[in-house]
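Fold and geometry: a report
Each chain, letter by letter, is given below.
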Amino acid sequence: MKRYKRSGYLVGAALATSLVLTACTDDSDVDGGDAGDNGDTGEDVEDGEDDGEDEGDGETAGEPQEGGDFMISMAGEPQSMDPHGSNDNPSAKARTLMYETLVTQDPETLEIETEGLAESYEQTDDDTFVFELREGVNFHNGEELTADDVVATFERVLEEERASEAAFLFEMIDNIEAVDEYTVEFTTEFPFAPLPAHLAHNAAGIMSEAAIEEEEEGEDLNLDTEGVGTGPFVFEEWNQGSSLTFHKNEDYWGDNAYLDSVTFEIIDENLTRIGRLENNETHVADDVEPALVDQVEALEDATLMSGPSLSMTYVSFNTQEEPFDDPLVRQAITMAVDNEVLVEGIYEGYGEPAYGPINDLVFGYNEDLDELGYDPEEAQELLAEAGYEDGFETTLWTNNESPMREQTAELIQDQLADIGVDVSIQNVEWGAYLDQTAEGEHEMFILGWNTVTADADYGMYSLFHSDNHGAPGNRSFYENEEVDELLEEARQEDDEEAREELYGEIQEILVEEAPMIYTVFDDVRAGVSDSVQNLIHHPNDTYDLSETYITEEAEGGGY
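This structure is a prediction, so every number in the text was calculated from the model and none was measured.

Analysis parameters
Residues numbered from 1 in each chain as written. Predicted model: local features only at pLDDT ≥ 70, side-chain atom pairs only at ≥ 80, totals over all residues. Heavy atoms only, no water. Helix = DSSP H or I, 4+ residues; strand = E, 2+ residues; numbered from the N terminus. Buried < 20%, exposed > 50% of the residue type's maximum accessible area, 1.4 Å probe, protein only. Axes fitted to C-alpha atoms, helices over the stretch in contact; angles between N-to-C directions. Parallel < 35°, antiparallel > 145°, perpendicular 65-115°, else oblique. Left-handed = near helix turned anticlockwise from the far one by under 90°. Contact = heavy atoms within 4.5 Å. Nonpolar A, V, L, I, M, F, W, Y, C, P; charged D, E, K, R; others polar. Pairing = 2+ DSSP bridges. Phe/Tyr/Trp six-rings, centres within 6.5 Å; stacked < 30°, edge-to-face > 60°. pLDDT = per-residue confidence, 0-100. Polar contact = N/O pair within 3.5 Å; in protein donor to acceptor, adjacent residues only side chain to side chain. Salt bridge = Lys/Arg side-chain N within 4 Å of Asp/Glu carboxyl O. Expected span 1.5 Å × (residues − 1).

**Brief notes about the overall build of the chain**
- In terms of helices and strands, the chain carries 14 helices and 23 strands.
- Relative to its 559 residues, the chain shows a buried fraction of 59%.

Structure below.
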């Protein structure tokens, strides 16, 4: 079994014989947001032999080849092409091809870089950031990027009537001003150190002011199902339920992509995605279930890519409802679940047990955190202390978007039975699942959170601040005045060491209070054809295809 430590990874110029993982934010269904399933830098990398040649055309390895139609078999369908329309991971994977942000996040270090639409930026005082835009950048509609487009983008996401799922990322912005044609000034309500990290989130993709106005005026443009960005690929067509296609942007401000087009085919069955990879009908089988990893590794012409991610899967309690309004009950349930068994048995080692809300890829991680641990005997004692010595009945919600979640539900059902808690599993349709957990209609449920910004503010403010009950992230409806105050203090603190100390303290409280069972930090896993070169799979579970090329096309079709 291949296990690669520490983050963003890249398929290099000889994938047929080597995998390079460089060092380094679902829900994979809800990226940085809720839903879906979807470390230390410098640890060992597993390398193979490199014979220096590509198999495709006889060209030497490392010589990029122009052209080709790139196929990705993706498990979930995007919710929206609008950066302000949804916060799910499938949408982020598609949108990052066409929408670009002011700054970017290095897939190796997760640090903020000026490789995006801003040539540079500086923090001129505690609550002011100034960005200098690149000149000569055109949107896909031919309009030139100016500061007015940036202002229009963030005014749009912050419109109260829009109620954007991404608004929480930018709610601290008090004013956005176009200083001149290529200079933008952001002023925040309070000092907010993570602002550049938030501006690297895909929801901060810069939109064309002209396109925004065109849609608002009711003309023939729907930004929910189309897109007008500046990226290396241009939106072409969305056959909902089937596929989503982009073609190369020939007028791109940077180096043009090598690929002619990219197609995401929507295939929810794991085995079907792997079968298409085996039959050379796709280049990437996304989101490989751990139980099927061996099938990918057995393929002659494909390789498994796997590495740590920014995504945590969790089992949340409704802390406003009995018996989960009692921290003793929540602690007991947490201590009755063996995360080690879960990771090894269900994730087959492709993940790390989670004992807190963020992992060591995220700024603010507390490496000295004392977890509750697995102790079913103490769990029974805590239940008795809480008045449930005979246990109780409860319902655990899951959804069929993820086989691993269904398996996790069954494991938890078995383990809680050992302490007298009778769990019924209810499988809820995905749309209803999100709606009903946002309304607090659940007792327990399984979901995920992708800390896309790699900053503890994003990983904890949304999930645990009482202002964010429901859809913004806090579906456990957790309330703790001290945690609220610490979260607010931490996001306003500009000293990094002080911020780390505050987040460390918050994590200690969140472990003790146990508003959720932190179960696993899942790996990102994909099967990739050996014909694919220079593919970067980011720890936030998006793909960078800007320098990707292929030595042979997939046969495609049939989806």
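What follows continues from the structure just given.
**Comments concerning the packing of helix 13 (residues 481-492) against helix 14 (residues 496-513)**
- The interhelical angle for the contact between helix 13 and helix 14, taken along N-to-C directions, is 160 degrees, at an axis separation of 9 Å. Between helix 13 and helix 14, the angle is such that the two are roughly antiparallel. Two packed elements cross with a definite hand, and for helix 13 against helix 14 that hand is left-handed. Packed against helix 13, whose contacting residues are Glu-482, Val-483, Leu-486, Leu-487, Glu-489, Ala-490 and Arg-491, the element helix 14 presents Arg-499, Leu-502, Tyr-503, Glu-505, Ile-506 and Ile-509 at the interface.
- Residues of the contact of helix 13 with helix 14, tallied by class, amount to eight nonpolar, no polar and five charged.

**Thoughts on the sheet that holds strand 8 (residues 173-180)**
- Overall, antiparallel pairing links the four strands, which are arranged 6-7-9-8 in an open sheet. Single-partner strands in this sheet number two, and they are strand 6 (118-125) and strand 8. Mean inter-strand twist for the sheet, computed between neighbouring axes without regard to direction, equals 20 degrees.
- Here strand 7 (residues 128-133) runs beside strand 9 (residues 183-188); their pairing, made up of five bridges, is antiparallel. Bridge pairing links Thr-128 to Thr-187 in strand 9.
- Against the sheet, helix 2 (residues 147-157) engages strand 7, strand 8 and strand 9, with an angle of about 165 degrees to strand 8.

**Description of the packing of aromatic side chains**
- What the rule picks out here adds up to 20 aromatic pairs.
- With 6.1 Å between their ring centres and 85 degrees between their planes, Phe-235 and Phe-246 make a pair best called edge-to-face. Of this pair, Phe-235 sits in strand 10 (residues 233-239) while Phe-246 sits in strand 11 (residues 243-248), and the two are 11 residues apart along the sequence. Just as Phe-235 is buried, Phe-246 falls in that class too.

**A word on the confidence of the model for the chain**
- Confidence in the prediction of the chain, expressed as mean pLDDT, is 88, and 88% of residues score 70 or more.
- For the stretch residues 1-32, pLDDT sits under 50, and the model shows 199 contacts to residues farther than four places along the chain or on other chains.
- Low pLDDT (under 50) marks residues 34-60, which in the prediction has 91 contacts with non-local residues, meaning those over four places away or in another chain.

**Some words on the side chain of Thr-128**
- By secondary structure assignment, the location of Thr-128 is in strand 7.
- Judged by its relative accessible area of 7%, Thr-128 is buried.
- One polar contact links Thr-128 to Asp-127, side chain to side chain, over a distance of 3.3 Å.

**Some details on the pattern of salt bridges**
- Counted according to the given criterion, the structure contains 11 salt bridges.
- The closest approach of N and O atoms between Arg-276 and Glu-281, which form a salt bridge, is 3.5 Å.
- A relative accessible area of 22% places Glu-281 in the partly exposed class.
- Here Asp-455 ties to Arg-499 by a salt bridge, and the two come within 2.9 Å at their closest N and O atoms. Of the two residues, Asp-455 is situated in the loop between strand 18 (444-450) and helix 12 (456-464) and Arg-499 in helix 14; the sequence distance between them amounts to 44 residues. Here Asp-455 and Arg-499 have matching classes, each one buried.

**A look at helix 14**
- Here helix 14 is 18 residues long and its end C-alpha atoms lie 26 Å apart, about the 26 Å a rise of 1.5 Å per residue gives.
- Those residues of helix 14 lying buried are Arg-499, Leu-502, Tyr-503, Gly-504, Ile-506, Gln-507, Ile-509, Leu-510, Val-511 and Glu-513.
- Buried residues belonging to helix 14 abut helix 7 (327-335), helix 12, helix 13 and strand 19 (516-529).
- For helix 14, the N-terminal cap is Asp-495; the gap from its side-chain oxygen to the backbone nitrogen of Glu-497 is 3.3 Å.
- Downstream of helix 14 by one or two residues, Ala-514 has phi in the positive range, about 50 degrees.

**Structural notes on helix 13**
- With 12 residues, helix 13 extends 17 Å from end C-alpha to end C-alpha; this agrees with the ideal 16 Å at 1.5 Å per step.
- For helix 13, every residue scored as buried is listed here: Val-483, Asp-484, Leu-486, Leu-487, Ala-490 and Arg-491.

**What about the pairing of strand 3 (residues 69-74)?**
- Buried residues dominate strand 3, accounting for five of its six residues.
- Note that strand 3 and strand 12 (residues 261-266) share six bridges and pair parallel. By the bridge assignment for strand 12, Met-74 is matched with Ile-266.
- Here two bridges tie strand 3 to strand 13 (residues 284-286), and the two strands are oriented parallel to one another.

**Notes on the pairing of strand 14 (residues 302-317)**
- Strand 14 sits mainly inside the fold: 16 of its 16 residues count as buried.
- In terms of strand pairing, strand 14 meets strand 19 through 12 bridges, oriented antiparallel. Among the inter-strand pairings, Thr-303 is bridged to a residue of strand 19, identified as Val-528.
- Judged from the seven bridges that link them, strand 14 and strand 18 form a sheet pairing that is antiparallel. Directly across from Ser-311, in strand 18, lies its bridge partner Asn-450.

**Digging into the packing of helix 12 against helix 14**
- The interhelical angle for the contact between helix 12 and helix 14, taken along N-to-C directions, is 40 degrees, at an axis separation of 11 Å. Considering their axes alone, helix 12 and helix 14 lie oblique with respect to each other. Remark: the crossing between helix 12 and helix 14 carries left-handed chirality. Of the residues in helix 14, those in contact with Ala-456, Asp-457, Met-460 and Phe-464 of helix 12 are Arg-499, Tyr-503, Ile-506, Gln-507 and Leu-510.

**Let's talk about unusual backbone geometry**
- Residue Pro-323 follows Glu-322 across a cis peptide bond; omega there is 0 degrees.
- You can see Pro-323 is positioned in the loop between strand 14 and helix 7.
- We note that Asp-541 has phi near 75 degrees; this positive angle belongs to a residue other than glycine.
- By the secondary structure assignment, Asp-541 is in the loop between strand 21 (535-537) and strand 22 (543-544).

**Details of the side chain of Glu-265**
- In this fold, Glu-265 is placed in strand 12.
- On the basis of relative accessibility, which here comes to 0%, the residue Glu-265 falls in the buried class.
- Looking at Glu-265, its side chain comes within polar contact range of the side chain of Ser-73, at 2.3 Å.

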